[in-house]
Amino acid sequence: WHMRQTNDLDSSPYARHGVVAGTVTPVPNAWIANVNDFDEDTDYINIPALNGLRMNADYSFSAWIKADPLGLQTQGFLGNYNGAGFMFFLNGDAVNQLAFWASGYTYSGMEVFDNQWTHVAYTRNGSVGYFYVNGVRSPAVSPSAISPGGALEIGGAGASWPVWRSAAGWWP
């Protein structure tokens, strides 16, 4: 999916197109490019289960996000959690801490500010993991292998935890 794209079509040769749930609103000409606006709880793009998303070796996830001020509510923005899989999210704490779940929680200790475009990433390289917020790397964390989960959700964190579909904000 390209940043300038305002639909749910996969531009890769794999053609893993998504299905919009709720009222994902395309917003043209935003700060970065065209973006999708996800309302809290019900808006996300569902990509059917990906056999290739079994990540027990090195992996990386990244996104541009603009979080809405939701107080102490956790905001999931990418995941395939169905009892297994992973969740990439902002923790519901006082600093909107960037976090990742794969067989256990891993926290970055890094703040993500509301109403600001922020580039976030999580990488696993061997036995070491790192978070990045706007290019600044966290101290090393212990990552987990990702077991097979369900359908991938952009704007959510997986089918088993619909409360994690709270990526109120913007996704290019």
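Undergrad: Sorry if this is basic, but what is going on with the packing of aromatic side chains here?
TA: Two aromatic rings, taken as a pair, are described by how far apart their centres are and by the angle between their planes. All chains considered together, the criterion is met by 13 aromatic pairs. Look at Y59 and F100: their rings are 6.1 Å apart centre to centre, the planes differ by 25 degrees, and that puts the pair in the stacked class. Of this pair, Y59 sits in strand β5 (residues 59-67) while F100 sits in strand β8 (residues 97-101); the two residues are 41 residues apart in sequence, bridging distant segments of the chain. Considered together, Y59 and F100 belong to a single accessibility category, that of buried residues.

Undergrad: Help me out: how do you make sense of the environment of Y44 in this one?
TA: Mapped onto the elements, Y44 comes out in strand β4 (residues 44-47). For Y44, a relative accessible area of 13% corresponds to the buried category. With 111 residues separating them along the chain, Y44 and G155 place their C-alpha atoms 4.5 Å apart.

Undergrad: Would you mind going over the sheet that holds strand β13 (residues 152-154) with me for this structure?
TA: In sheet architecture, strand pairing relies on hydrogen bonds along the backbone and comes in two forms, parallel and antiparallel. Strand order in the open sheet formed by 7 strands is β1-β4-β13-β6-β7-β8-β9, with antiparallel pairing between adjacent strands. Each edge of the sheet is formed by a strand with only one pairing partner; in this case those strands are β1 (19-21) and β9 (105-111). The sheet shows a mean angle of 30 degrees between the axes of neighbouring strands, direction not considered. Pairing between strand β6 (residues 75-79) and β13: 2 bridges, direction antiparallel. Across the sheet, L78 pairs through a bridge with I154, a residue of β13.

Undergrad: Just checking my understanding: could you explain the confidence of the model for the protein chain for this structure?
TA: Close reading of the predicted structure is inappropriate where its pLDDT is low. Of the residues in the protein chain, 77% reach a pLDDT of 70 or more, and the chain-wide mean stands at 77. Mean pLDDT values over the elements of the protein chain span from 43, in strand β14 (residues 169-171), up to 96, in strand β12 (residues 136-137). A low-confidence stretch, residues 163-172 stays under pLDDT 50, and its non-local contacts, those more than four residues away or across chains, total 66 contacts.

Undergrad: What exactly am I supposed to notice about the nonpolar core here?
TA: The tendency in soluble globular proteins is for nonpolar side chains to be buried side by side. Counting 27 residues, the largest nonpolar core has F77, F88, L98 and F100 as the members making the most contacts within it. Sorting the residues of this core by element identifies β4, β5, β6, β7 (87-90), β8, β10 (118-125), β11 (128-133) and β13 as the ones contributing at least two each. Among the elements that line this core, the one with the most residues is β5, at 5 residues. Residues contacting F100, with those up to four places away along its chain left out, are Y59, F61, F86, M87, F88, F89, Y105, T106, Y122, F131 and I146. Membership of the second largest hydrophobic core comes to 5 residues, among which are Y81, M87, F89 and W101.

Undergrad: Can you walk me through the environment of G129 in this structure?
TA: With respect to the helices and strands, G129 occurs in strand β11. Judged by its relative accessible area of 0%, G129 falls in the buried class. Residues G129 and Y59, spaced 70 residues apart in sequence, show a C-alpha to C-alpha distance of 9.4 Å.

Undergrad: Looking at this model, I keep getting lost on the pairing of β10. Mind explaining?
TA: Within β10, 6 of the 8 residues are buried, leaving the element largely enclosed by the surrounding structure. Across 7 bridges, the pairing between β5 and β10 is antiparallel. Its bridge partner lying in β10, F61 is registered against Y122. As paired strands, β10 and β11 are joined by 6 bridges and run antiparallel to one another. Within β11, the position partnered with Y122 by the bridge is F131. Between β10 and β11, which pair antiparallel in sequence order, lie 2 residues; one of them, G126, sits at a positive phi of approximately 65 degrees.

Cut-offs used in this document
- Residues numbered from 1 in each chain as written.
- Predicted model: local features only at pLDDT ≥ 70, side-chain atom pairs only at ≥ 80, totals over all residues.
- Heavy atoms only, no water.
- Phe/Tyr/Trp six-rings, centres within 6.5 Å; stacked < 30°, edge-to-face > 60°.
- Helix = DSSP H or I, 4+ residues; strand = E, 2+ residues; numbered from the N terminus.
- Buried < 20%, exposed > 50% of the residue type's maximum accessible area, 1.4 Å probe, protein only.
- Pairing = 2+ DSSP bridges.
- Axes fitted to C-alpha atoms, helices over the stretch in contact; angles between N-to-C directions.
- pLDDT = per-residue confidence, 0-100.
- Contact = heavy atoms within 4.5 Å.
- Core = buried A, V, L, I, M, F, W, Y, C linked by side-chain atoms within 4.5 Å.

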